[in-house]
Amino acid sequence: MSPRRIETGNRIDRLKTIRFTFDGAAYTGHAGDTLASALLANGVTLFGRSFKYHRPRGLLSAGVEEPNALVTVLRGDVREPNIAATMVEIHDGLVAISQNRFPSLSWDINAVNQLGGKILSAGFYYKTFMGPVIGPFKGTRFWMFCEHFIRRAAGLGRAGSAADPARYERMNAFCDVLVVGSGPAGLMAAKAAADQGARVILAELDPRFGGSANWSDETIDGLPSADWARRAVKQLEGHDNVRLLPRTTVWGYYDNNTLAALERVSDHKENPGKGEPLHRYWAIRAGSVVLATGAFERPLVFPGNDRPGVMLAHAAERYANEFGVLPGDKVALFTNNDSAYRSALALKKAGAQIVAIADVRPELSGDVRKLAEETEAEILTGHAVIATEGGRALTGLKLQRFDMANGGLTGDARSIHADCLLMSGGWSPTIHLASQAGARAEWSPARQAFLPPQPTQKWIGAGAFTGSFSTAEAIAEGRAAGLAAAGGSSTPTALPSVEAAPGDPDPAPVFEIRAKGKSFVDFQHDVTAEDVRLAHREGFVSVEHLKRYTTLGMATDQGKSSNVPGLSIMAEALGKPIPEVGTTRFRPPFAPVSIGSLAAERFGDLKPERLTPMHDWHVDNGATMYSAGLWYRPMIYGLSGETIEQAYVREARATRETAGIVDVSTLGKIAIQGPDAAEFLDRVYTNMFSTLAVGKARYGLMLREDGFAFDDGTTWRLGEQDFLMTTTTANAGKVMQHLEYFLDVIWPELKVHVTSVTDQWAGAAIGGPKARQILAASVTGTAVDNVTLPFMGIVRGEISGVPVMICRLSFSGEMAFEVYCGAGYGTHVWETLVAAGKPFGLVTYGLEALGTMRIEKGHVTGAEIDGRTTARDLHLDWMLSKKKPFIGSAMMDREGLVSSDRLELVGLMALDNRPLNGGAHIVEELDEANPHGSIGHITACCYSPALGKHIALALVKGGKARHGTRAHVSDPLRNRFGPVEIVSNHFYDPDGSRMHG
Amino acid sequence: MLITCPYCGPRDVIEFTYQGDGNRERPEPASQNFEAWNAYVYDRLNPAGDHNEIWQHSGGCRSHLRVVRNTLTHEISSVAFARGDHGPRRKMEGKS
Amino acid sequence: MAEYSALSLLANALKGNKDWKPAWRKPDPKASYDVIIIGGGGHGLSTAYYLAKEHGITNVAVLEKGWLGSGNVGRNTTAVRSNYLLPANTRFYEHSMKMWEGLSHELNYNVMFSQRGCLNLAHTPAQFDDYARRGNAMRHLGVDAELMTPAEIKRLIPALDISSNARFPVVGGLMQRRAGTARHDAVAWGYARGADRRGVDIIENCEVTGFLRDGDRVTGVTTSRGDIRAKKVAVAVAGSTGRVMQLAGVDTMPIESHVLQAFVTESLKPFIDTVVTFGMGHFYMSQSDKGGLVYGGDIDGYNSYAQRGNLPIVDEVMSEMLALFPGLARVRMLRSWGGVCDMSMDGSPIITMGPLPGMYLNCGWCYGGFKATPASGWCFAWTIAKDQPHDFNAPFTLDRFHRGLVIDDKGQGANPRLH
């Protein structure tokens, strides 16, 4: 058996031995052990190094508040840093390593920082490392040089870069009553609420329900408290309306009683079950919440209080009673309150020798004195610990007579041998969730603690959370809270009886013993009492300044144990009561929460993928796909050995020479229907739609309310009251919301209904000199000649049995048709058209060729309608109707929108016959060394097979007036400079004779 | 935060799109009162307290809702359809 | 000897650190001042500093309702950059950048400005061109910018997933090397100390409850600590602009207040040496010198003065974080907090005289205010002292919205939640 393992301990299963390693050394423990308890049982005292001074540290606590014993857990390449050893349940094969030490935990070179002592005081870095004002280290250089080393010395564990193979999942849960914490108060609350028929969730951050009942060794209802808790849990398990969540930390209290929790589903397993997540994120919407979150014991602040072997009194009691581990053989106690006597007695019963009890108070009550005498310790009232001794483990301590009235130390110092020192500075209720819910805590001078405030959301407190530290009170408050939360009214039966050690819940108002040496307030961040006083001296006196200047409470434990001692030292320095220093407002999370759990199922699957109906065909036929927003679209259909440019030039050239077909299913499509549909479109578009004949389409432009261009597209009149609007791919959702807003909020009198039909229609655009012949060869039920289907005309017909709608409109500038069919038939129709086109030399083309042909035509897209351009900038002012008001018409003529130096759309031709770059700027005078004087930029560019030139669209100041002049592209980012000619944006077939046929 | 849509019941805020200050009055389409247009497009009450605002249940029934919500506490005191014919169009006191 | 230096640290350490003076005094307010600045945040304090230093105006009070620096100067994610698209913004933020480069010396206070670079990741060729447009715009105004290839990015940030099977593969990035991070609180404290040493009264726990008026003219303020008169009253309360302006009878502003959340992980050994932003959503991250990954995303998206956010944005930000860094799934979020931002109608700030006689206004910082701190105070001080804007802030007027002279870097129009 391990050297410190004892016969007590109700949580561990001695029949099950578990093997694990820590820093490469093999250890054994038992089922139920935490890494902390198992290592402690093996005689390990040194668990970690502190942040700043790299001081050796042992276990302070046995729970979630642990600041010292942080480890990294390894699973193959996957690293999980900064886990408190007190929260790691051991399993076979567990590999844990210590952190923030080099080369080893025992010999850490950075411990040299301790010599810096007084220089490395709070905020020292604000006062130095500024470097010289001149020379090579001027400016920020010197600081960055120092920072390089500071960063490497700082930091705790190391994160991995290997992708985590684990699954995380999210659950949305609803309940009438959420009970947080399963100590006696929480168990009673859950039971009471469940008995009322309420849907109850009971969340407990430990693996076992029961809280303090698991280790207090009191008697409840005639049973040892741990057995009573087992029985209560068993009863709850029998309720269909109760969900028990062990290993679940409720970490966030958000609006409308939405609480966030993290369930550690398989952290403690060597091999998680198939499909089992590592963590589960619970978003719980609770009718009401019972906060039974207990309290944290506080350390005392005295020189050497951080030495390994100094621990919180209740933590030692937990190790003995819950885990069967004795943290020391010769144990001393230092306290300012009664609760710690029970802890000392527990250790005595577990087999330790209690060598001394030092209490800052001059006198003890009769009950407590009796407890103290049972420990057979030397009782030293009116005494304080002024120093500890030892290196990586405690060997002894020094005591002196202490006067509580003035904090003075008198008399000779006395040395006592001990290998474990228990300390207790009283208790702070765990009010974090209540504070997150928006309320301000109230200071209780009696309890020397912040107590929960009046609820601002629907929660009820119970037990130690409210400052009622006795189990009897917890049981009574818990049941009352559960009943009230469930809206219950039944008369309760008698409460379970409790036999517990006596004690006054109020501690003496002493947190610090001022003696020579470093007294730690925040253990992990190495904030000392002197640091707090320095902050005071320099004026950083409000609680937030104290935190920020000294970093008190900013470590991974978030000040769970250091908050009140720190405030008390500041209050004393200020000569003010604690609440005047301020109240810390706690924010989520209560305890650190894995990022994987928060991403949950979106880990590895950030956004949905939108695929057109013909997607698989494109992939099967050699398309290179391009991610555009959520969509995937063919970029090119490359032949083997082709570059991207060769492919799109081939596709565009073939389209202009014979025919090409492109998938346009991603265009936004909105059905606009109703008696007022035409009137609505007149208000939405800058141009007129009420005059559009049924069976015809029209190109339309929309502005925003502020008069800037918003979106464009064609809208088809399918019937008197029936329109089909198309939008750009990127703006489909925005336009839909824009239309809905106006119909619902601004013009509810219009009888119009809008429906997004983007996903209902598949679309293909087929264009080129042979397009009509191909269509004629595929379509039945309608002619497609110039009379039946004139420019902007619409017909209905069939393609191999599938009803289609065909509109003759052109983006490519060729004679072209858009063919729409039900989405499910998309591939069928597409394949039919491709097959019919084969004898004519039809090519499939992708976005690159589409873009090339639109640049040649000078059409605008999102690169030009970028939210900052006006209709005039884009030479679309011919579309601004003067006969009617429309959205944006009142605002489009404001001073800033009509000024002469605005950027206007132009075309560019490279005069050096080299490719242009998107995002290159335009200058009048080239200065490659010091680029300046930008007059605009390229929005889109390509090699134009039709022109045999490298061309671009650009937005240039006073653009139209510059037609026919020379300028230069200036692209210092890619070192591309050269002459261009500014021309009209309509490069190709400006009068449209090709598309009109 | 939960918003109780009159059609769909209480739903998480993630289903809704915020459409801003509900106190803004859009001038008549043909209005030449540019000050009124500017106020409508650019100026906001932005109170610290109850705020009359428009939300769209974009992940649900797509109705626009007129919501009175406290900007200090996020507490919602009323939700109604923004469309006039679904119920009374609620206006905040004064200040617009 | 400078008040703060390695030598003074040593000298003080030898004396047990007993001789350090308060970083700023705690004076009671006087009955009147030449200038009152409402708001003891970064911008208010830097304005006071530059009024004293550049313009010799030292009879100045900074009034702070809570503790100094309690607003956004201590709640941001500390990035400093000047990588804007539109010239008005680029010029202003570059002026700020140049001030940052000498700020620790200027203030004799180490604000830890670390020029570790800011990298915007591009995920499509179109976005890459868009970034090139912005980078070239910067270069044509003398600001550093460069494009990076995926391979170069991988060398800089080994933990980043640049694989082609990522949902949004990285196709390149726009890097500003001179950008970086600074210690946010130190900026507030450094300016406070600098202003204090030049005679400015910094008055904490002094809430402005109203404005004293002589007709239209603003002649002072009423506060929780009594009436205070002033020749000029400057408002620098981004986040609370709506509330304070309503006290002056200005009921509407081209601003909405929105809550922005920020997050930090537990402390880690160096993981990322630059500021990085995601292009297919809204996510940005850097690592503090203490080791915490500091990151954030979009605003919650509705008017709020609550300084508390909700879960949807938390989930969104973490999802985007893991899309870039799948190795961080087991790293843990340690702390989250919210700040209230003045979201303006074009995403750009307001630094101007007025809107009432005797009043000066500095607001509308959206979530770009921290990096502007030096230039904002410098320009605002100039405007207050000379009753006219400097060229740098001349475009940032209040009437630009109505006149259509918007400075809309994102092209989103009058929709504050989208800027």
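Residue indices begin from 1 for each chain and proceed along its sequence in written order. Labels are handed out in written order, letters beginning with A for the chains and numbers beginning with 1 for the ligands. A pLDDT threshold of at least 70 governs which residues receive local features in this predicted model, and a stricter bar of 80 or more applies before side-chain atom pairs are shown or counted, although totals over entire chains, interfaces and linings include all residues.

K.L.:
A description of the overall build of chain C should follow, citing residues and the corresponding values.
P.N.:
In this description a helix means any DSSP run of H or I spanning at least four residues, a strand means any run of E spanning at least two, and both kinds are numbered starting from the N terminus. Helix and strand counts for chain C stand at 11 helices and 18 strands. A compact globule built from 419 residues would reach a C-alpha radius of gyration of about 22 Å, and chain C, at 21 Å, matches this within 12%. Overall, chain C is about 65 × 60 × 40 Å in size when its C-alpha atoms are taken along their principal axes. Put simply, chain C has 419 residues, and 70% of those count as buried. We call two residues in contact if the C-beta atoms placed from their backbones are at most 7 Å apart. Restricting the contact set of chain C to residue pairs at least 6 apart, pairs at least 24 apart contribute 75%. Only C-alpha atoms enter the radius of gyration; for comparison, a globular chain is expected to reach 2.2 Å times N to the power 0.38, where N is the number of residues. With C-beta atoms placed from the backbone, a residue is buried if 20 or more other C-beta atoms are within 10 Å of its own, exposed if 12 or fewer are, and partly exposed between those counts.

K.L.:
Explain the overall build of chain A to me, using residue names and the numbers behind them.
P.N.:
Helix and strand counts for chain A come out as 24 helices and 52 strands. Its C-alpha radius of gyration of 38 Å places chain A more than 25% over the 30 Å reference for a compact globule of 997 residues. C-alpha extents for chain A along the principal axes are approximately 110 × 80 × 55 Å. Going through the 997 residues of chain A one by one, you find that 59% of them count as buried. The contacts in chain A between residues at least 6 apart in sequence include a share of 66% that link residues at least 24 apart.

K.L.:
Tell me about the interface of chain B and chain A, and name the residues and values.
P.N.:
Taken together, the contact between chain B and chain A spans 23 residues of the former and 16 residues of the latter. When residues of the side of chain B that touches chain A are traced back to their parent elements, those giving at least two are strand E3 (17-21), helix H1 (34-42) and strand E4 (50-56) of chain B. The greatest single-element share of the side of chain B that touches chain A, amounting to 3 residues, is contributed by H1(B). Following the grouping adopted for this structure description, the nonpolar residues are Ala, Val, Leu, Ile, Met, Phe, Trp, Tyr, Cys and Pro, the charged ones are Asp, Glu, Lys and Arg, and the polar ones are all others, Gly among them. The class makeup of the residues in the side of chain B that touches chain A is 9 nonpolar, 10 polar and 4 charged.

K.L.:
Help me get a handle on the packing of helix H3 (residues 87-101) of chain C against helix H10 (residues 369-386) of chain C, residues and values and all.
P.N.:
All names here are of chain C. Note on method: axes are straight lines fitted to C-alpha atoms, helices fitted across the in-contact stretch only, with angles between N-to-C directions ranging 0 to 180 degrees. Orientation of H3 relative to H10, taken along the N-to-C sense of each, is 100 degrees, at an axis distance of 8 Å. One element, H3, and the other, H10, form an angle in the roughly perpendicular class. Residue-level inspection shows Phe-92, Tyr-93, His-95, Ser-96, Met-99 and Trp-100 of H3 in contact with H10, the latter providing Lys-371, Ala-372, Pro-374, Ala-375 and Trp-378. Its residues assigned to classes, the contact of H3 with H10 shows 8 nonpolar, 2 polar and 1 charged. For classification purposes, an angle smaller than 35 degrees is called roughly parallel, one larger than 145 roughly antiparallel, one from 65 to 115 roughly perpendicular, and anything else oblique.

K.L.:
Just give me the short version of the interface of chain C and chain A, but keep the residues and values in it.
P.N.:
With 86 residues of chain C in contact, the opposing surface of chain A contributes 94 residues. Elements that contribute at least two residues to the side of chain C that touches chain A include exactly helix H1 (6-14), helix H4 (103-107), helix H5 (125-139), strand E5 (146-148), helix H7 (184-197), strand E12 (255-267), helix H9 (311-324) and strand E16 (332-344) of chain C. Broken down by element, the residue count for the side of chain C that touches chain A peaks at 9 residues, all from H9(C). Its residues assigned to classes, the side of chain C that touches chain A shows 40 nonpolar, 26 polar and 20 charged.

K.L.:
For the nonpolar core, give the residues involved together with the corresponding values.
P.N.:
Side chains of nonpolar character tend, in soluble globular proteins, to be buried together. Of all hydrophobic cores here, the largest spans 480 residues; its most connected members are Val290(A), Ile766(A), Ile36(C) and Ile38(C). Looking at this core, you find at least three residues from each of domain 1 (27-78 + 184-254 + 346-418) and domain 2 (111-180 + 256-344) of chain C. Every residue in contact with Val290(A), bar those within four places of it in the chain, is listed here: Val177(A), Val179(A), Val180(A), Gly186(A), Ala189(A), Ile460(A), Ala462(A), Ala481(A), Gly482(A) and Ala485(A). To define a nonpolar core, we join buried Ala, Val, Leu, Ile, Met, Phe, Trp, Tyr and Cys residues through C-beta atoms within 7 Å and take the resulting set. Each domain's limits were defined by an automated method or a database of domain assignments.

K.L.:
Quick rundown of unusual backbone geometry? Include the residues and the values.
P.N.:
It is generally the case that most residues other than glycine have a negative phi and that most peptide bonds are trans. A cis amide bond links Pro588(A) to the next residue, Pro589(A), at an omega of -5 degrees. Examined against the element boundaries, Pro589(A) turns out to sit in the loop between helix H14 (578-581) and strand E32 (593-594). Put simply, Gly354(C) and Pro355(C) share a cis peptide bond, and its omega is 5 degrees. One non-glycine residue with positive phi stands out, namely His875(A), at about 60 degrees. Looking at where His875(A) falls in the secondary structure, it is placed in the loop between helix H22 (847-857) and helix H23 (895-898). Given 18 C-beta atoms within 10 Å, His875(A) falls into the partly exposed group.

K.L.:
Kindly report on the sheet that holds strand E22 (residues 394-403) of chain A, identifying the contributing residues and their values.
P.N.:
All names here are of chain A. Here, any two strands with at least 2 DSSP bridges between them count as paired. Spatial ordering of the open sheet is given by E21-E22-E23, a layout of 3 strands whose pairing is antiparallel. Only two strands of the sheet have a single neighbouring strand rather than two, namely strand E21 (383-390) and strand E23 (408-417). Strand-to-strand twist of the sheet, defined as the mean angle between neighbouring strand axes without regard to direction, takes the value 25 degrees. Across 7 bridges, E22 lies against E23 in antiparallel orientation. Within E23, the residue paired with Asp-403 across the bridge is Gly-408.

K.L.:
Residues and numbers for the pairing of strand E2 (residues 9-12) of chain B, please.
P.N.:
Residues and elements named next belong to chain B. Pairing of strand E1 (residues 2-5) with E2 involves 4 bridges; the strand directions are antiparallel. Across the sheet, residue Thr-4 finds its bridge partner in E2, namely Pro-10. Linking E1 back to E2 in an antiparallel pair, the connection comprises 3 residues.

K.L.:
I'd like a rundown of helix H6 (residues 313-321) of chain A, residues and numbers included.
P.N.:
Here H6(A) lies mainly inside the structure; 9 of its 9 residues are buried. At its buried positions, H6(A) is contacted by helix H1 (35-41), strand E16 (295-297), strand E17 (310-312), strand E18 (330-335), helix H7 (339-350) and strand E24 (420-424) of chain A.

K.L.:
Any details on the sheet that holds strand E49 (residues 934-944) of chain A? Residues and values, ideally.
P.N.:
Taking strand neighbours around the barrel as the criterion, the 6 strands line up as E47-E50-E49-E48-E51-E52 (chain A) in a closed arrangement whose pairing is antiparallel. Between one strand and the next, the sheet's axes are offset by a mean angle of 45 degrees, whatever the strand orientation. Summarising the sheet, strand E48 (residues 921-923) of chain A and strand E51 (residues 966-971) of chain A pair through 3 bridges and their orientation is antiparallel. Counterpart to Ile922(A) in the pairing with E51(A) is Val969(A). Running over the sheet, H5(C) touches E48, E49 and E51 of chain A and is turned about 145 degrees from E49(A).

K.L.:
Provide a residue-level description of the environment of Val200(A), including the pertinent values.
P.N.:
Residues and elements named next belong to chain A. Along the chain, the position of Val-200 falls in strand E9 (residues 200-203). Val-200 sits in the buried class, given 29 other C-beta atoms within 10 Å. Those residues within four positions of Val-200 in sequence are excluded, and the remaining contacts are Cys-175, Asp-176, Val-177, Val-179, Ala-190, Ala-193, Ala-194, Asn-241 and Val-242.

K.L.:
Give me the lowdown on the confidence of the model for chain C, citing residues and values where you can.
P.N.:
Mean pLDDT over chain C: 96, with 100% of residues reaching 70 or higher. The ipTM value of the predicted complex is 0.96, and its pTM value is 0.96. As a per-residue quantity, pLDDT reports the predictor's confidence and falls between 0 and 100.

K.L.:
Describe helix H18 (residues 677-684) of chain A, naming the residues involved and giving the relevant values.
P.N.:
Listing the buried residues of H18(A) in full gives Ala677(A), Phe680(A), Leu681(A), Asp682(A) and Val684(A). The inward-facing, buried residues of H18(A) abut strand E36 (668-673), strand E37 (697-703), strand E38 (709-719), strand E39 (722-727) and helix H19 (732-746) of chain A.

K.L.:
Please give an account of the domain arrangement of chain C that cites residues and values.
P.N.:
Size of an interface, as often reported, equals the accessible area lost when the parts are brought together. Residues and elements named next belong to chain C. Here chain C is partitioned into domain 1 (27-78 + 184-254 + 346-418) and domain 2 (111-180 + 256-344). Taking only C-alpha atoms into account, the centre of domain 1 sits 28 Å from that of domain 2. Contacts between domain 1 and domain 2 engage 25 residues on the former and 21 residues on the latter. Secondary-structure elements contributing two or more residues to the side of domain 1 that touches domain 2 are H7 and helix H8 (241-247). A total of 3 residues in the side of domain 1 that touches domain 2 trace back to one element, the largest contributor, which is H7. For the side of domain 1 that touches domain 2, the residue count by class is 11 nonpolar, 11 polar and 3 charged.

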